[in-house]
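Structural description and commentary
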Amino acid sequence: MNSKQEPNRVLAFDYGLRQIGVAVGSTFMGTTQPLPVLLARDGVPSWAEITTLLREWQPDHFLVGDPINMDGTPSDISLRAQKFARRLEGRFKIGVTMVDERLTSFAVKHERFTGIDQRQTKGRGSDFKKEPVDSLAAELILKDWMNT
């Protein structure tokens, strides 16, 4: 971020090809909250929906999770997330920071399902996949960024 002033209201995105998780936070208040997931078509969101989010939350900065490989090299999806970040910045003239998001979705799924008796989850593998964790992952990206 090039601005001398720390951002106050931040929108964070967990980029995906079919859906994009979104969270909002206030650095001043130290609060975060997940927002509804945005549907995407081959990684392209409804820009009108993002415009609506901007009107409602009036962010002064964006975060986009960077899904780099475990060895630190860019993945195919990370290149697309970076393109999404450039488009956000270009369209809305708001600064964007890419944030390493390795294992955030895994961490959210693990946290959400920790403590559930294994017998209760037998045959429920499809339920695990259906749980909407994208916005919770965006919130985790935001929390990690705020705590650094």
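Residues numbered from 1 in each chain as written. Predicted model: local features only at pLDDT ≥ 70, side-chain atom pairs only at ≥ 80, totals over all residues. Heavy atoms only, no water.

Glancing now at the pattern of salt bridges. It is possible for side chains of opposite charge to pair when their charged atoms get near one another. Under the definition given, this model contains 1 salt bridge. The salt bridge partner of D42 is R80, with a shortest N-O separation of 3.4 Å. One end of the pair, D42, is in the loop between β3 (31-41) and β4 (44-45); the other, R80, is in helix α2 (residues 76-92), with 38 residues separating them in the sequence. (Salt bridge = Lys/Arg side-chain N within 4 Å of Asp/Glu carboxyl O. Helix = DSSP H or I, 4+ residues; strand = E, 2+ residues; numbered from the N terminus.)

Another point: the nonpolar core. Counting 23 residues, the largest nonpolar core has L11, F13, F62, F84 and L88 as the members making the most contacts within it. Taken together, the elements giving at least two residues each to this core come down to β1 (9-14), β2 (19-26), β3, α1 (47-57), β5 (61-66) and α2. Of all hydrophobic cores here, the second largest spans 9 residues; its members include A23, L63, I141 and L142. (Core = buried A, V, L, I, M, F, W, Y, C linked by side-chain atoms within 4.5 Å. Buried < 20%, exposed > 50% of the residue type's maximum accessible area, 1.4 Å probe, protein only.)

Our next topic: the sheet that holds β3. Note: strands within a sheet are paired through backbone hydrogen bonds, in either parallel or antiparallel orientation. Within the open sheet, the 6 strands sit side by side as β4-β3-β2-β1-β5-β6. Their pairing is mixed. Of all strands in the sheet, those bounded by a partner on one side alone are β4 and β6 (96-100). Pairing geometry for β1 and β5, over 4 bridges, is parallel. The residue of β5 that forms the bridge with F13 is V64. Each of β1, β2, β3, β5 and β6 is contacted by helix α6 (residues 134-146), which is oriented at about 40° to β2, the strand it contacts most. (Pairing = 2+ DSSP bridges. Contact = heavy atoms within 4.5 Å. Axes fitted to C-alpha atoms, helices over the stretch in contact; angles between N-to-C directions.)

The next subject is α1. If you check which residues of α1 are buried, you get W47, I50, L53, L54 and W57. Buried residues of α1 fall within an arc of 110° about the axis and therefore sit on the same side. When the buried face of α1 is taken as reference, the exposed residues oriented beyond 90 degrees from it are A48, R55 and E56. On its buried side, α1 packs onto β1, β2, β3, β4, β5 and α2. Of the residues trailing α1, Q58 is marked for its positive phi of about 50°. (Arc of directions from axis to C-beta.)

Read these as spatial facts, not as claims about activity.
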